[in-house]
Amino acid sequence: MNIHEKYISRCIELGKLGIGNTYPNPSVGSCIVYNNKIIGEGYTSRPGKNHAEINAINSVKIKSQLKESTLYVTLEPCSHHGKTPPCTNEIIKNKIPRVIIGTLDPHTEVSGKGIKQLEEAGIEVVLGVLENKCKDHHKRFLTFINKKRPYIILKWAETNDGFIAPKTKNKIKPVWISNRHSRQLVHKWRSEEQCLIVGRKTISEDNPKLTTRDWDGRDPIVVIISKDNNLNNNSNIFNSKAEKIIISNELIDFKKPIGNQITNLLYNRNIISAIVEGGVQTLQTFINENLWDEIRKFKSPLNFKNGTKAPIVNINPRNKTLIVQDKLLVIYNNNY
């Protein structure tokens, strides 16, 4: 690992600290290096607040050192006025002589314009350091911009013999397939994604809370697919403060494939990521329409012998992790 990769790696670590709190903006990480020492760090604040580069610059105690420093950042600095001024202006104003960037920002209002503005000001720019890792970090934002839809994660737990729910589900509630450590991890995931998608049957049969109660984080927007909008107002889901979006026949045409209609609707609402938590029909809808980017599947040592079969995806998992006795398998679909 060379010196530039070392500091971009640190930027990625910083960027992870903002995931779940910056939407619809990407969670960028930035650090400033002077004489081989980090003198400033930052990551993207909540919408309308400072971007990573500004937070990094503001954290530098001796501002005169900026004139001899290098700024590292995971994503190309913005050069346009949004809710905040352009980051490039602040970089130029502080006479930072060198900027090292992980990956290009494909947004039409940026897309090379930030780099051009910096270079025209006489600043040395290096692009593409740990580019694939930076793209992976910014996968939600890049998918939203490039594919015009949210980044879609499908999540489920299944038994060792391939069932997602038992035949006796209605008599025994709740039926936990994964262990409590896996379930806490799911609450962490919920805090990282902008919205969560479930079908009406999941609400009526399981009565889930769909919160981050076992993790310190914000509850995601809850999207419920309910053709006739005939949900029980006393369901647990309506006790949370999280925003609700009901996908009924007033919003989409249920006679046509619904996955693409839902992702279009969420895109138009500026929602850049979603985790689909079930049930099996909802998960299968996104699989059938090939509208998914990542599958996170818990494989439990339990056996049900009968019940509702789990979805099947014939792609080998890229990552395998053991969580006590649960196996977490992560599968990726194409590139962003």
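Residues numbered from 1 in each chain as written. Predicted model: local features only at pLDDT ≥ 70, side-chain atom pairs only at ≥ 80, totals over all residues. Heavy atoms only, no water.

**Q** Explain the packing of aromatic side chains to me, please; I cannot follow it from the model alone.
**A** To describe a pair of aromatic rings, one takes the distance between the centres and the angle between the planes. One pass over the full model with this rule turns up 3 aromatic pairs. Considering the side-chain rings of Trp189 and Phe298, the 5.5 Å spacing of their centres and the 20° angle between planes classify their relative orientation as stacked. In this pair, Trp189 is assigned in helix 7 (residues 180-192) and Phe298 in strand 12 (residues 294-299), connecting sequence segments 109 residues apart. By relative accessible area, which is 2% here, Phe298 ends up buried. The aromatic ring of Trp176 is capped on one face by Arg183, whose charged end is 4.3 Å from the ring centroid. When the ring centre of Trp189 is taken as origin, the NZ or CZ atom of Arg296, which lies over that ring, is 4.7 Å away. (Phe/Tyr/Trp six-rings, centres within 6.5 Å; stacked < 30°, edge-to-face > 60°. Helix = DSSP H or I, 4+ residues; strand = E, 2+ residues; numbered from the N terminus. Buried < 20%, exposed > 50% of the residue type's maximum accessible area, 1.4 Å probe, protein only. Lys NZ or Arg CZ within 6 Å of the ring centre and 35° of its normal.)

**Q** It is not clear to me how the nonpolar core should be interpreted in this structure. Could you clarify?
**A** Nonpolar side chains in soluble globular proteins tend to end up buried together. Membership of the largest hydrophobic core comes to 29 residues, with the highest contact counts inside it found for Leu154, Trp156, Ile197, Ile262 and Leu266. When contributions to this core are tallied by element, the ones reaching two or more residues are strand 6 (151-158), strand 7 (163-166), strand 8 (195-199), strand 9 (221-225), strand 10 (244-247), helix 9 (258-268), strand 11 (273-278) and helix 10 (280-288). For this core, the element with the most residues is helix 9, which contributes 4 residues. If sequence neighbours within four positions are ignored, Leu266 has contacts with Pro150, Cys195, Ile197, Val223, Ile245 and Ile271. (Core = buried A, V, L, I, M, F, W, Y, C linked by side-chain atoms within 4.5 Å. Contact = heavy atoms within 4.5 Å.)

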